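If you want the building blocks of each chain, they are given just below.
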Amino acid sequence: MLELVGNTPVLRIDAPLPRPHPGFWAKLEGFAPGGMKARAALSLIRGARRRGELLPGATVVESSSGTLGIGLACVGSALGHPVVVVADSELDGMTHALLRAHGAEVEIVRQPHPTGGWQRARRDRVARVLSRRPGAYWPDQYNNPDNPAGYAALGKELIGQFERLDVLVCSVGTGGHSAGIASVVRERWPHIRIVGVDSVGSTVFGRTAAPRLMRGLGSSIHPRNVAYEIFDEVHWVGPAEAADACRRLAAGSFVTGGWSTGAVALVAAWCARELGSDLVCGVFPDGPHRYWQTIFDDAYHLDHGLVPRASSPSEVDSGWTRTREVADPCGGAGCETCGDRT
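The shown structure was predicted, so the numbers you read here are calculated from the model rather than taken from an experiment. (Residues numbered from 1 in each chain as written. Predicted model: local features only at pLDDT ≥ 70, side-chain atom pairs only at ≥ 80, totals over all residues. Heavy atoms only, no water.)

**With respect to the overall build of the protein**
Step number 1: Within the protein one finds 10 helices and 10 strands.
Step number 2: When burial is assessed residue by residue, the protein has 59% of its 342 residues classed as buried.
Step number 3: For the protein, restricting intrachain contacts to residue pairs at least 6 apart in sequence, the fraction spanning at least 24 positions comes to 71%.
Step number 4: Counting every atom, the protein has about 13,700 Å² of accessible surface; 53% of that belongs to carbon and sulfur.
Step number 5: Charge separation in the protein, taken as the distance between the mean sites of 35 positive and 35 negative side-chain charges, equals 3 Å. (Helix = DSSP H or I, 4+ residues; strand = E, 2+ residues; numbered from the N terminus. Buried < 20%, exposed > 50% of the residue type's maximum accessible area, 1.4 Å probe, protein only. Contact = heavy atoms within 4.5 Å. Areas by Shrake-Rupley, 256 points an atom, 1.4 Å probe, with all protein chains shown as cover. Lys, Arg positive; Asp, Glu negative; His and termini not counted. Charge placed at Lys NZ, Arg CZ, Asp CG, Glu CD.)

Structure representation (structure tokens):
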């Protein structure tokens, strides 16, 4: 089964998002079992086994909004490790059911942390679960260098699939796949621009925390795996714009996905339009199946007022903003808010 992780196809996207553009390329990570984060899960578990931190048959306990949980369930079942996923009450029903069907145990956190949001609340629960399970292993996806290391293969695949790329667009949550891919593609194409895509309300790039509707990108903490120095530009995309892009992808290119996929597609189309070329690739982390009650549900859009406000990014809050001044908000030092960059 693990031979099916990775080696995903690319597809040229020319659907208007929301305006016409020269086209861009999508790396379709949702086509592999376990999705994109199965790459990270495999690297995290193999790294821990290699160092003797994870013994044969020992339990793996991790915090996840869903995607890494599926990847860990996939890898855990293949390598003989029970998996406990600590999620929160915003986990969608389909993912919860899938995790349990794949043999994972699911613990649900009911209240976000007052300053660290759902991520901090889930990590606090992970600590309690670990205290009850001697010998269990916590991969710590936000800070473990095995996470970005798992995406080096994705970078190598892109080098094999393209003679040249001028722009790579990645969503940013833990920072794993952007860091891992950039370390490889910059050796082959030193000129390539790395564009990060964050969520409105996320603190990853130093903005003020706010409630976030989107899952899978953004964070309420500052993960050490975010390689701030690699980014030439960062875009913050809101849920209305991301959902609109997902629906336009579904209608115009058939291939679509969740919040991260929509946000990446929107920014990749804008980059292609700005560049006047299709030498742009966006990483699509997943497919559409988990989002039928949110992104692809008309009633959900109505209930949450998901009406796109922006067709291009601006320097002020408009549902889609950007900057080319990218810096580590913690300055590489400790962070009193989240405690995760000490």
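**Notes on the sheet that holds strand 8 (residues 233-237)**
Step number 1: One open sheet accounts for seven strands, arranged 1-2-9-6-7-8-10; its pairing is mixed. Both edges of this open sheet fall to strand 1 (10-13) and strand 10 (320-323), since each of them pairs with a single strand only. Averaged over all adjacent pairs, the angle separating strand axes in this sheet is 25°, with direction ignored.
Step number 2: As defined by bridge partners, strand 6 (residues 167-171) adjoins strand 7 (residues 193-199) across five bridges and the pair is classed as parallel. Each bridged residue has a counterpart across the sheet, and for Leu168 the counterpart in strand 7 is Ile194.
Step number 3: In this fold helix 6 (residues 152-161) packs onto strand 1, strand 2 (24-28), strand 6 and strand 9 (280-284), with an angle of close to 135° to the strand it touches most, strand 2. (Pairing = 2+ DSSP bridges. Axes fitted to C-alpha atoms, helices over the stretch in contact; angles between N-to-C directions.)

**Details of the packing of helix 8 (residues 239-252) against helix 9 (residues 259-275)**
Step number 1: Closest axis-to-axis distance for the helix 8/helix 9 pair is 7 Å, and the angle between their directions is 85°. The pairing of helix 8 with helix 9 is recorded here as roughly perpendicular in orientation. For the pair formed by helix 8 and helix 9, the contact residues are Pro239, Glu241, Ala242, Ala243, Ala245, Cys246 and Leu249 on the first element and Trp259, Thr261, Gly262, Ala263, Ala265 and Leu266 on the second.
Step number 2: Residues of the contact of helix 8 with helix 9, tallied by class, amount to 10 nonpolar, two polar and one charged. (Parallel < 35°, antiparallel > 145°, perpendicular 65-115°, else oblique. Nonpolar A, V, L, I, M, F, W, Y, C, P; charged D, E, K, R; others polar.)

**Comments concerning the UniProt feature "domain: Tryptophan synthase beta chain-like PALP" (unreviewed entry) in the protein**
Step number 1: As recorded in UniProt, the feature "domain: Tryptophan synthase beta chain-like PALP" (unreviewed entry) lies at residues 3-284.
Step number 2: The span residues 3-284 carries 39% helix and 16% strand; its end-to-end C-alpha distance comes to 20 Å. (UniProt positions renumbered as here; feature names shortened; annotations may be inferred.)

**Things to note about the layout of surface pockets**
Step number 1: Empty space within the largest pocket amounts to approximately 490 Å³.
Step number 2: Of all elements in the fold, only helix 2 (67-79) and helix 4 (117-132) reach the threshold of two or more residues within the lining of the largest pocket.
Step number 3: The biggest single contributor to the lining of the largest pocket is helix 4, with four residues.
Step number 4: Its residues assigned to classes, the lining of the largest pocket comprises 10 nonpolar, 16 polar and six charged.
Step number 5: Taken as a whole, the second largest pocket holds about 420 Å³ of empty space.
Step number 6: For the second largest pocket, the lining is made up of 21 residues, of which Ala32, Gly34, Gly35, Ile70 and Leu98 are closest to its centre. (1 Å grid on protein atoms, 1.4 Å probe; cavity = no way out; pocket = protein on both sides within 12 Å on 5 of 7 lines; lining within 4 Å. Points joined across faces, edges and corners; volume = space filled by probe spheres on them.)

**Considering the environment of Ser43**
Step number 1: Structurally, Ser43 is set in helix 1 (residues 37-51).
Step number 2: Owing to a relative accessible area of 16%, Ser43 belongs among the buried residues under this scheme.
Step number 3: Between the C-alpha atoms of Ser43 and Ala73, which are 30 residues apart in sequence, the distance is 14 Å.
Step number 4: For Ser43, the contacting residues outside a window of four places in its chain are Asp146, Ala149 and Gly150.

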